[in-house]
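Residues per chain are reported as follows:
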Amino acid sequence: MSERDKPMDGLSERGFGYLIAFGLPGFLFLWGLSYSFPSLANWMAVASTEKSPSVAGFLYTTVASFAIGLMLDAVTWLVVETALYRLTNLDRPNIDDHKLANADTLTAFQAAVENHYRYYQCYANSLIVIAIAAPIYLFHFSLQYKWWCWVGILAAVLILGWKARDELRSFNGRASDITS
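Residues numbered from 1 in each chain as written. Predicted model: local features only at pLDDT ≥ 70, side-chain atom pairs only at ≥ 80, totals over all residues. Heavy atoms only, no water.

Brief notes about the environment of Arg14
Next, step 1: Assignment of secondary structure puts Arg14 in helix H1 (residues 11-34).
Next, step 2: With a relative accessible area of 30%, Arg14 lands in the partly exposed category. (Helix = DSSP H or I, 4+ residues; strand = E, 2+ residues; numbered from the N terminus. Buried < 20%, exposed > 50% of the residue type's maximum accessible area, 1.4 Å probe, protein only.)

Given below as structure tokens:
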């Protein structure tokens, strides 16, 4: 059996990558909206209270976080990735898919994905979460007129956007180098 065919090899590394790329931003979105929507706050409270800890509550929250994270990733692709390439003159990677047939090349490419692209997804998806959930939160608690709230949101969006671009640039460079 080849190294690639072992089903559990690298599962924990990939699982961590999926957690930071989709799970954390999805949970951040749920948590942010729970302050504005009482039914969501109740649902999350039941899933985390000491009175009723359950595998089902944890699993339900986890699945919902991943589902939302995946949907956010589609919005990220449409909005953030398009903007990063067009507005910041970021070079697209030159990936030769045929070279991924080599096991060593595939392993190196997967490492680039886990070490850079998953972090790009986390930062970019979190940027979308903040851009959507923070204004809802501010309006719900009548904080929309507080300038410092908007400065904080803008700062978070700019920092996450900058870091997302940096990780995407790093991934693009490594992916191109590995497959060219």
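Text resumes after the structure shown.
With respect to the packing of aromatic side chains
Next, step 1: Under the definition given, this model contains seven aromatic pairs.
Next, step 2: Geometrically, the ring pair formed by Tyr35 and Tyr137 is edge-to-face, given 5.6 Å between the ring centres and 85 degrees between the ring planes. Taken together, the positions of Tyr35 in the loop between H1 and helix H2 (38-48) and Tyr137 in helix H4 (residues 103-140) put the pair 102 residues apart, joining distant regions of the chain.
Next, step 3: Accessibility expressed as a relative area gives 41% for Tyr35, which makes it partly exposed.
Next, step 4: With relative accessibility at 32%, the residue Tyr137 sits in the partly exposed group.
Next, step 5: Ring plane angle 45 degrees and centroid distance 5.3 Å describe the contact between Tyr117 and Tyr120, whose orientation is recorded as tilted. Taken as a pair, Tyr117 and Tyr120 lie in helix H4 at a separation of three residues, close to a single helical turn. Both residues of the pair, Tyr117 and Tyr120, count as buried.
Next, step 6: The rings of Phe109, Tyr117, Tyr120 and Phe171 are connected pair by pair, giving a single aromatic cluster. (Phe/Tyr/Trp six-rings, centres within 6.5 Å; stacked < 30°, edge-to-face > 60°.)

Topic: unusual backbone geometry
Next, step 1: The backbone phi angle of Asn89 is positive, close to 55 degrees, even though this residue is not glycine.
Next, step 2: Here Asn89 is to be found in the loop between helix H3 (55-87) and H4.
Next, step 3: By relative accessible area, which is 63% here, Asn89 ends up exposed.

With respect to H4
Next, step 1: If you check H4, its first and last C-alpha atoms are 52 Å apart, about what 38 residues at 1.5 Å a residue would give, namely 56 Å.
Next, step 2: The sharpest bend along H4 reaches about 35 degrees and sits at Glu114.
Next, step 3: Between the side-chain oxygen of the N-cap and the backbone nitrogen of Asp104 there are 2.8 Å, and the N-cap of H4 in question is Asn102.
Next, step 4: In the segment just after H4, Ser142 is the residue with positive phi, at about 55 degrees. (Expected span 1.5 Å × (residues − 1). Bend = angle between axes of the 7 residues up to and from the residue. Polar contact = N/O pair within 3.5 Å; in protein donor to acceptor, adjacent residues only side chain to side chain.)

Brief notes about the nonpolar core
Next, step 1: Grouped together as the largest cluster of nonpolar side chains are 29 residues, with contacts concentrated most on Phe29, Val80, Leu84, Tyr120, Leu168 and Phe171.
Next, step 2: Within the residue set of this core, elements represented by two or more residues are H1, H2, H3, H4 and helix H5 (147-179).
Next, step 3: Ranked by residues supplied to this core, first place goes to H4 with 11 residues.
Next, step 4: Not counting residues up to four positions away in its chain, the partners in contact with Tyr120 are Thr76, Val80, Glu81, Leu84, Ala164, Glu167 and Leu168. (Core = buried A, V, L, I, M, F, W, Y, C linked by side-chain atoms within 4.5 Å. Contact = heavy atoms within 4.5 Å.)

Description of the pattern of salt bridges
Next, step 1: Taken as a whole, this structure holds four salt bridges when the rule is applied.
Next, step 2: Glu167 serves as the salt-bridge partner of Lys163, at 3.3 Å between the closest nitrogen and oxygen. Of the two residues, Lys163 and Glu167 both sit in helix H5, four residues apart, roughly one turn of that helix.
Next, step 3: Each of the salt bridges in this network shares a partner with another, and the network as a whole consists of Lys163, Asp166, Glu167 and Arg169. (Salt bridge = Lys/Arg side-chain N within 4 Å of Asp/Glu carboxyl O.)

As for the packing of H4 against H5
Next, step 1: Put simply, H4 and H5 touch, their axes get as near as 9 Å, and they point 165 degrees apart. Between H4 and H5, the angle is such that the two are roughly antiparallel. The two elements H4 and H5 meet at a crossing, and its hand is left-handed.
Next, step 2: In the contact of H4 with H5, the residues fall into 26 nonpolar, seven polar and three charged. (Axes fitted to C-alpha atoms, helices over the stretch in contact; angles between N-to-C directions. Parallel < 35°, antiparallel > 145°, perpendicular 65-115°, else oblique. Left-handed = near helix turned anticlockwise from the far one by under 90°. Nonpolar A, V, L, I, M, F, W, Y, C, P; charged D, E, K, R; others polar.)

Re the layout of surface pockets
Next, step 1: Size it by volume and the second largest pocket reaches roughly 260 Å³.
Next, step 2: Where the lining of the second largest pocket is concerned, the elements lending two or more residues are H1, H4 and H5.
Next, step 3: The biggest single contributor to the lining of the second largest pocket is H4, with six residues.
Next, step 4: Of the residues assigned to the lining of the second largest pocket, the class counts are 12 nonpolar, two polar and no charged. (1 Å grid on protein atoms, 1.4 Å probe; cavity = no way out; pocket = protein on both sides within 12 Å on 5 of 7 lines; lining within 4 Å. Points joined across faces, edges and corners; volume = space filled by probe spheres on them.)

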